[in-house]
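Working through the structure, step by step
Letter by letter, the chains look like this.
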Amino acid sequence: VSLDGPNPESHEFLRGPGTFPKTLEGIDRLIHHGAAERLVLVTTLHRRLTMEGARSLIEMAALREIGRIRFLPLNRIGEAADHWEEIAPAPGELERLIRWLVLEGQEAAPSGRPRVDAGFPGFVPELDPEGGSWCPLGRSLTVDSQGNVYNCPIYNAPEFRIGGVNDSSLVEML
């Protein structure tokens, strides 16, 4: 589930007005139905998400006993490409956030849960000397706040949509 900030100001900066309470409602509904451990929150690193905001998201996920939170860099595709200067992290901020998430982010999860993942530590080469990368393709699906489903959390623009929770069955999307 895409949750791009711990409050309406930061989440709705990317996802649009009114999406924050709907997203939390969806998350809480999934938790109510027993999906907390399998749930992955995906957070895009953007201009209004501060280190304190990232810490708050980790704490929010911990309180809900969510299994994982993954922080990913913003990609210059779709709407992001059209508004890049407004929404991209300030110079140096992306590296600073990823460095903190890789080196210290897990410490912000008081019980060791959620598992904190910085997505691509290769963005900061000395943090990933083996040159490995993370990619869930074929192992998971991404559902955005509008119910659109993608097979990749990075390529979540309309042209990569494989279905939607309101108009497609899981079998059709797979």
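Okay, so let's go over this structure.

Rules used throughout
- Residues numbered from 1 in each chain as written.
- Predicted model: local features only at pLDDT ≥ 70, side-chain atom pairs only at ≥ 80, totals over all residues.
- Heavy atoms only, no water.
- Helix = DSSP H or I, 4+ residues; strand = E, 2+ residues; numbered from the N terminus.
- Expected span 1.5 Å × (residues − 1).
- Buried < 20%, exposed > 50% of the residue type's maximum accessible area, 1.4 Å probe, protein only.
- Pairing = 2+ DSSP bridges.
- Core = buried A, V, L, I, M, F, W, Y, C linked by side-chain atoms within 4.5 Å.
- Contact = heavy atoms within 4.5 Å.

1. Observations regarding helix α3 (residues 51-63)
Between the first and last C-alpha of α3 there are 19 Å, a value that for 13 residues agrees with the 18 Å anticipated at 1.5 Å per step. If you check which residues of α3 are buried, you get Met 51, Gly 53, Ala 54, Leu 57, Ile 58, Met 60, Ala 61 and Ala 62. After α3 finishes, the residue Glu 65 shows a positive phi value of roughly 60 degrees.

2. Focus: the sheet that holds strand β6 (residues 163-164)
What the three strands build is an open sheet, ordered β4-β5-β6; its pairing is antiparallel. Each edge of the sheet is formed by a strand with only one pairing partner; in this case those strands are β4 (142-143) and β6. As judged from the two bridges shared by β4 and strand β5 (residues 148-150), these two strands associate in the antiparallel manner. Within β5, the residue paired with Val 143 across the bridge is Val 149.

3. Some thoughts on the nonpolar core
Formed by 25 residues in total, the largest nonpolar core has its most connected members in Leu 3, Ile 58, Phe 71 and Leu 101. Those elements giving two or more residues to this core turn out to be α2 (19-32), β1 (40-45), α3, β2 (68-73) and α6 (93-104). Sort the elements by how many residues they give to this core and α3 lands first, with six residues. Among residues more than four places away in sequence, those in contact with Leu 3 are His 11, Phe 20, Thr 23, Leu 24, Ile 27, Leu 41, Val 42, Thr 43, Leu 57 and Met 60. If you look at the next biggest cluster of nonpolar residues, it comprises five residues, including Leu 74, Ala 80, Trp 84 and Ala 88.

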